[in-house]
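The residues making up each chain are set out below.
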Amino acid sequence: MRRPRLLILGGTSEASELARQLADDNRFDPCLSLAGRTKAPARPPIAFRIGGFGGPEGLADYLRDEPIDLIVDATHPFAERMKHNAIAAAAQADVPLLAIRRPEWQPQAGDRWTVVSDMQAAVSALGESTLRVFVTIGQKELAPFRAAPQHSYVIRSVDPPAPDSLPPDTQVITARGPFDEAAERDLLAGRKIDVIVTKNSGGSATYAKLAAARGLGLPVILVARPAHPQAEAVETAGEAVVWIEGWLARRG
Ligand code: NAP
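Criteria and thresholds
- Residues numbered from 1 in each chain as written.
- Predicted model: local features only at pLDDT ≥ 70, side-chain atom pairs only at ≥ 80, totals over all residues.
- Heavy atoms only, no water.
- Pairing = 2+ DSSP bridges.
- Helix = DSSP H or I, 4+ residues; strand = E, 2+ residues; numbered from the N terminus.
- Contact = heavy atoms within 4.5 Å.
- Axes fitted to C-alpha atoms, helices over the stretch in contact; angles between N-to-C directions.
- Near = heavy atom within 4 Å.
- Polar contact = N/O pair within 3.5 Å; in protein donor to acceptor, adjacent residues only side chain to side chain.
- Nonpolar A, V, L, I, M, F, W, Y, C, P; charged D, E, K, R; others polar.

Participant: Explain the sheet that holds strand β5 (residues 97-100) residue by residue, including any values.
Facilitator: Hydrogen bonds along the backbone pair up the strands of a sheet, which may run parallel or antiparallel. One open sheet accounts for 6 strands, arranged β3-β2-β1-β4-β5-β12; its pairing is parallel. The strands lining the two open edges of the sheet, one partner per strand, are β3 (47-50) and β12 (233-234). As judged from the 4 bridges shared by strand β1 (residues 5-9) and strand β4 (residues 70-73), these two strands associate in the parallel manner. Its bridge partner lying in β4, Leu-9 is registered against Asp-73. Together, β1, β2 (29-34), β4 and β5 form the strand contacts of helix α1 (residues 13-22), whose direction differs from that of β1 by roughly 155°. With respect to the sheet, helix α2 (residues 55-65) is in contact with β1, β2, β3 and β4, its orientation differing from that of β1 by roughly 155°.

Below you can see the structure in the form of structure tokens.
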């Protein structure tokens, strides 16, 4: 009998972890899908494809053509469009969908967070006086910071951002997580950072900067997550494996 084909929508540590856990499991035929945003992604241990599907219709066609038996949406909490596309395509192609939704970071005693709704609001929250700002929001949404050229910026992303998206006084650091707290503290203190701008991504890989900020008493401007569409969901790759095994047993 044909092994069930799983499409994992990735670009996250959970997707990579799920791929690792399924790699030697010959009950399944998994494929990891990456958007192609990072130039040199780590080579997955399972079959993979790179690039968009062409909206929900393109994804629905893909699900039917392959054919895919189960779609696992393990995209990043801020990958809003893909979450909607996946749910629409799964409904169109009548394929079950499981989402991996990692919990949000929660403030602890000593945290100095200002929570804002989007990047524009994050820029406004910096205020008028000149600050040294550490920005870790990825490469896509840097342009709003050009409207606040009074600040100097240290921007960290996996690949270098497009130069025309940057404010004038900017240093770029390219690095890929996970990051550890001691190194983050050294970076924040060494670069004389006054404030951090980041997104409430959740997860452990990029949390260290928030722990370091707490230790140093630094303020953080935190962009809240977009609302997620309703879907059957678990929180971790390990829970996804358990759910998938239950799904396989129910299928018979
Ligand atoms: P997005 O705005 O939700 O999606 C934009 C388009 O990119 C989608 O419509 C789709 O194109 C394509 N796409 C997204 N994820 C894909 C995947 N896993 N496989 C194939 N195509 C995909 O997503 P985004 O915020 O640009 O993020 C892109 C990728 O980076 C995601 O896979 C996400 O998990 C990862 N990521 C995002 C962030 C973040 O902060 N946004 C952070 C870390 C990692 P089509 O419509 O043509 O299918």
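And the narrative resumes.
Participant: Quick one: what's the story with the site of the ligand, residue by residue and with numbers?
Facilitator: Near the ligand lie 24 residues; those nearest to it are Gly-10, Ser-33, Phe-53, Met-82 and Lys-199. Within the side chain of Lys-199, one N or O atom sits 2.7 Å away from an oxygen atom of the ligand. Listed by contribution, the elements that provide at least two residues to the shell around the ligand are β2 and α3 (80-93). With 4 residues, α3 is the largest single contributor of residues to the shell around the ligand. Tallied by class, residues from the shell around the ligand come to 7 nonpolar, 11 polar and 6 charged.

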